[in-house]
Amino acid sequence: MSEPWFAESRQPMNPEALALAGPIRREGRPEDIAGAVAWLASDEAGFVTGQVIAVKGGRDI
């Protein structure tokens, strides 16, 4: 994520290099998380239970 506290807690790689290392080739943004949360709170997700939704841009850390 682009928040400084998150970036500092991760690998000692510079933020640009870390973002470019992932398949989406950018840092995560708060709106990326907000979209998943909005969907989970919507009627469309009314039958979803007990799931882990990885909002991580396709990158495993």
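1. Observations concerning the overall build of the chain
Across its full length, the chain holds three helices and zero strands. Moving toward the C terminus, one meets the helices and strands of the chain in the order α-α-α. If you take every contact in the chain between residues at least 6 apart in sequence, the share linking residues at least 24 apart comes to 54%. Entry remark: accessible area of the chain is about 4900 Å², with carbon and sulfur atoms responsible for 58%.

2. Some remarks on unusual backbone geometry
Even without being a glycine, Arg-25 presents a positive backbone phi close to 65°. Looking at where Arg-25 falls in the secondary structure, it is placed in the loop between helix 2 (15-20) and helix 3 (30-40).

3. Details of the confidence of the model for the chain
Here the chain averages 79 in pLDDT, and 75% of its residues register 70 or above. Taking the mean pLDDT of every element in the chain, the minimum, 63, falls on helix 1 (residues 4-9) and the maximum, 92, on helix 3.

4. Focus: the pattern of salt bridges
Overall, the coordinates contain one salt bridge when judged by the stated rule. Residues Arg-26 and Asp-32 are paired through a salt bridge, measuring 3.0 Å at the closest nitrogen-oxygen approach. With a relative accessible area of 32%, Arg-26 lands in the partly exposed category.

5. A short note on a nonpolar patch on the surface
Judged by side-chain polarity, Ile-33, Val-37, Trp-39, Leu-40, Val-48, Ile-53 and Val-55 come together as a nonpolar surface patch covering roughly 530 Å² of accessible area. One can find Trp-39 in helix 3.

6. Considerations on the environment of Ala-36
Tracing the backbone shows Ala-36 in helix 3. Taking C-alpha positions, Ala-36 is 8.0 Å from Ile-53, a pair spaced 17 residues apart along the chain.

Criteria and cut-off values
- Residues numbered from 1 in each chain as written.
- Predicted model: local features only at pLDDT ≥ 70, side-chain atom pairs only at ≥ 80, totals over all residues.
- Heavy atoms only, no water.
- Helix = DSSP H or I, 4+ residues; strand = E, 2+ residues; numbered from the N terminus.
- Contact = heavy atoms within 4.5 Å.
- Areas by Shrake-Rupley, 256 points an atom, 1.4 Å probe, with all protein chains shown as cover.
- pLDDT = per-residue confidence, 0-100.
- Salt bridge = Lys/Arg side-chain N within 4 Å of Asp/Glu carboxyl O.
- Buried < 20%, exposed > 50% of the residue type's maximum accessible area, 1.4 Å probe, protein only.
- Patch = residues over 30% accessible without salt bridge, like charges linked within 9 Å, V, L, I, M, F, W, Y side chains within 5 Å.

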